[in-house]
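Geometric and topological summary
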Amino acid sequence: MSKRFYVTTAIDYANGAPHLGHAYEKVITDVIARAHRALGENVFYLTGLDEHGQKVQQAALAEGKSPQDYCDGLAVSWRDFTAKLGLSNDDFVRTSEPRHKEVVQTILSKLHAEGQFYKTTYSGFYSTSAETFLTEKDRLPDGSFDASWGKVIELQEDNYYFKLRAHQDWIIQYIESNPGFIAPDYRRNEVLGFLKNEVLEDLCITRPAERLQWGIPVPFDQGFVTWVWFDALVNYISVPFAHGDPVIRQALGFGGASSFAAWPADLHVIGKDILKFHAVYWPIMLKAMGLPLPRQVLVHGFWQKEGQRLSKSTGNVIDPLAVIDEWGLDAFRYYLVRELDIGPDGNWTDAGFRARYQSELANGLGNLVNRSLSMIQRYRAGRVPRGTSQLARETAETWDRAVAAYRACALQEAVQQCGALVTRANQYIDQTSPFKIAKDPARAGDLDHILVTLAEVCRALGVLLWPVMPGASEKLQRQLGLESVNTNLSQPPLPLPAGHALGEIFPLFPRKDL
Ligand code: ME8
C-alpha cells in the first residue's frame, strides 16, 4: 500500500466571503496537487472550513440564526468557491461535521487520560476578536494594546491547559535537524528565534461553555468547549482517520484501517500569520498523540492591493469571482502563480494584472499557439508535416527545469521557464519568417521543419502548463488534435507523427481592448 502525497491548505474561517488571500492559497496548493498527480503520484488534497469559535457564534447571532444554520449557508458558497477556482481537492472538511468532532474528542480524552492537561484559573487581558489571552509582551510602549487586537477585556476564568514547556527542547532540535520542515528558510529562522528566546507557555485549550457554546464539547468536563485552534488543526488528521488511515487509527487506538494511507502529510500550505500554530503547537500535539510529524510546512506571504492591506472596511478588496468572470479562470490562476513566489508578500494591481494578461497570455502564449497552428492549417492543410524540431534542445531543457521546479514547489519558476520558451519560440518565428518561406516552393522542406518545431513547442507547453492552467492546457491540446489530454509530467511527450491532424483552432486568450 503506497502512501499518498497528502497536501493541505489552512481551513478558512467561516465568517465572511472568500477573498484574494484565500484564493491564492487554495490555487497554489491545487497547482502542487496537480503537479504531483501529473508526476504519477496518488494525491490527497484536503481543504475546508473552520467553523467554530466566538466570531462565528457572534456573526450567526447577528443574523438571528443558529451557528449551525449560519455555517450550513456559508459552506454552500465556500464549496462553490472551490469549484470556481477549479480546485481538484479530494475532500472538503467542515469542522462541525461529526466525523471531525469525534476525532477531536477522542484526542482530548486520550491526552487527558495521559496527564497532558491540567486545569487552573487564569486572569488577564483577552482579545475577543483574536480569541486569545494577551500577555505583557503584547502591550504597546504606552501600556495599551494595539487596535488590531480589537476589543480587549479583563477576564478571570478556569480552563484546561496543555503542558507545552516540556516540549521546548525537542522541537528546537527537530527543526534544526530537519531543515526542510519549515520553508522558506526565513520562516524557519523566525520559528527558531522565537523558540530559543522565549519560554513556551502552556497552551489554553478550552473555553468555558457559559461564554462560548459554539465549539466541540470537552468530553471529560461539560463546562467547557474546545479552543477553536486545537479543534481546527485536528482537521488534518480527522479526515484521513475517517478514510481509514492506518497510521492515525493505530495511534489513536482504533482498528478499522483501510488501504487509505496518507499520514504523515507531505505538505501543509499556510499563510505567514498562522506559522506558530503549525510549526510549534501542531507538531507538539502530534508528538503527544504519538504521531509522526508532517514533512513540510510551506509558508506563503500576504497579498495587498495597490500597496494597501486587504480590508473589507475600507473596500480595498479584490473579488476573485469577479476577476474570473471578466478574465477567465486560467488567467486568474496564471497571474497568482506568476506574480508571487511562495514566500514573500505580494501586491495586486489591476494595471499589473492587465499588463500580464496582454503581454504574456494574449501576445505571448496565445499568439504563439495561434500563429503556429494557423500556419500548419494554411500551409499543410492542418496536418503536421514530417520534420525535426529545431528547438528540441531548448524544449527539453525547459521541460527538465519546469518539472524540477514543480517538484520543489517553485511554481513561479516553473511558469517562468514556460514563459521563456514562449518568448524563444515567438522569436524563432520572427527569425525564420515562415510566411516568406511559404511563398517559395523550393523551401518546402525548411517550412516543414519550422512547423514541426512550433507544433512540438506548443505540445510541450500544453502539458507543462496543465497544473497552473488546466482549462487552457486542455484547449491547447484539443487544438493540437489530441484525443485525450496529456497531463503526464513524468516524461516528455513523444513527437506527433507526420500526418497528424490538428483540431479546430481558436484564440486561447483573446486580446482585450485596454
Ligand atoms: O487563519 N494574503 O483562517 P483565515 C494571503 N481558520 N493569504 C492570506 C491573506 C492575505 N491577505 N489573508 C489570509 C485561519 N490569508 C484559520 C486557519 S488552519 C488549521 C486554521 C491566509 O480564514 C491565511 O494566512 O483567517 C490562512 O493561511 C488562510 O488564508 C485562511 O485564513
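Residues numbered from 1 in each chain as written. Predicted model: local features only at pLDDT ≥ 70, side-chain atom pairs only at ≥ 80, totals over all residues. Heavy atoms only, no water.

**Remarks on the site of the ligand**
Surveying the vicinity of the ligand reveals 24 residues, the closest of which are Ile11, Glu25, Asp50, Asp273 and Trp303. Within the side chain of His22, an N or O atom sits 2.9 Å from an oxygen atom of the ligand. The side chain of Asp273 places a nitrogen or oxygen atom 2.5 Å from an oxygen atom of the ligand. The fraction of the free accessible surface of the ligand (660 Å²) that becomes covered by protein chains is 93%. Considering only residue class, the shell around the ligand consists of 12 nonpolar, 8 polar and 4 charged. (Near = heavy atom within 4 Å. Polar contact = N/O pair within 3.5 Å; in protein donor to acceptor, adjacent residues only side chain to side chain. Areas by Shrake-Rupley, 256 points an atom, 1.4 Å probe, with all protein chains shown as cover. Nonpolar A, V, L, I, M, F, W, Y, C, P; charged D, E, K, R; others polar.)

**Focus: the pairing of strand E12 (residues 267-271)**
Among the 5 residues in E12, 5 count as buried, and that is most of the element. Side chains Leu267, Val269 and Gly271 of E12 all project onto a buried face; the interleaved residues His268 and Ile270 project onto the opposite face, where all are buried too. Pairing between E12 and strand E13 (residues 297-300): 4 bridges, direction parallel. Counted as the bridge partner of Ile270 is Val299 from E13. (Buried < 20%, exposed > 50% of the residue type's maximum accessible area, 1.4 Å probe, protein only. Helix = DSSP H or I, 4+ residues; strand = E, 2+ residues; numbered from the N terminus. Pairing = 2+ DSSP bridges.)

**Describing the packing of helix H5 (residues 168-177) against helix H10 (residues 275-289)**
Remark: H5 packs on H10, axes separated minimally by 11 Å, with the N-to-C direction vectors making an angle of 110 degrees. Overall, the two elements H5 and H10 adopt an arrangement that is roughly perpendicular. Of the residues in H10, those in contact with Trp170, Ile171 and Ile175 of H5 are Ala279, Val280, Pro283, Ile284 and Lys287. The residue inventory of the contact of H5 with H10, partitioned by class, reads 7 nonpolar, no polar and 1 charged. (Axes fitted to C-alpha atoms, helices over the stretch in contact; angles between N-to-C directions. Parallel < 35°, antiparallel > 145°, perpendicular 65-115°, else oblique. Contact = heavy atoms within 4.5 Å.)

**Topic: the packing of aromatic side chains**
If you walk through the whole model with that rule in mind, you get 31 aromatic pairs. Between the aromatic rings of Phe117 and Phe230, the centroid separation amounts to 6.4 Å while the plane-to-plane angle is 80 degrees, which identifies the pairing as edge-to-face. One end of the pair, Phe117, is in strand E5 (residues 117-127); the other, Phe230, is in helix H7 (residues 228-233), and 113 residues separate them in sequence. You can call Phe117 buried: its relative accessible area is 7%. Centre to centre, the rings of Tyr122 and Phe133 are 4.8 Å apart; their planes meet at 70 degrees, and the pair counts as edge-to-face. Separated by 11 residues along the polypeptide, Tyr122 in strand E5 and Phe133 in strand E6 (residues 132-134) bring together distant segments of the chain. With a relative accessible area of 14%, Phe133 lands in the buried category. An aromatic cluster of three or more residues is present, and its members are Tyr24, Trp303, Trp327, Phe332, Tyr335, Trp348, Phe353, Tyr357 and Phe509. (Phe/Tyr/Trp six-rings, centres within 6.5 Å; stacked < 30°, edge-to-face > 60°.)

**Concerning the domain arrangement of the protein chain**
Each domain of the protein chain was delimited in the assignment, giving domain 1 (5-300) and domain 2 (348-479). The straight-line distance from the C-alpha centre of domain 1 to that of domain 2 is 43 Å. Listed as interface residues are 10 residues of domain 1 and, on the opposing side, 10 residues of domain 2. With both chains or domains summed, domain 1 and domain 2 bury close to 950 Å², and 82% of this area falls on carbon and sulfur atoms. When the buried area of domain 1 at its contact with domain 2 is split by residue, Val31, Arg34 and Leu39 rank highest and sum to 51% of it. The interface formed by domain 1 and domain 2 includes 0 salt bridges. Where domain 1 packs against domain 2, one counts 0 residue pairs in polar contact (both at pLDDT 80 or more). For the side of domain 1 that touches domain 2, the per-class residue count stands at 9 nonpolar, no polar and 1 charged. (Domains from an automatic or database assignment. Buried area = accessible area lost by both parts, 1.4 Å probe. Salt bridge = Lys/Arg side-chain N within 4 Å of Asp/Glu carboxyl O.)

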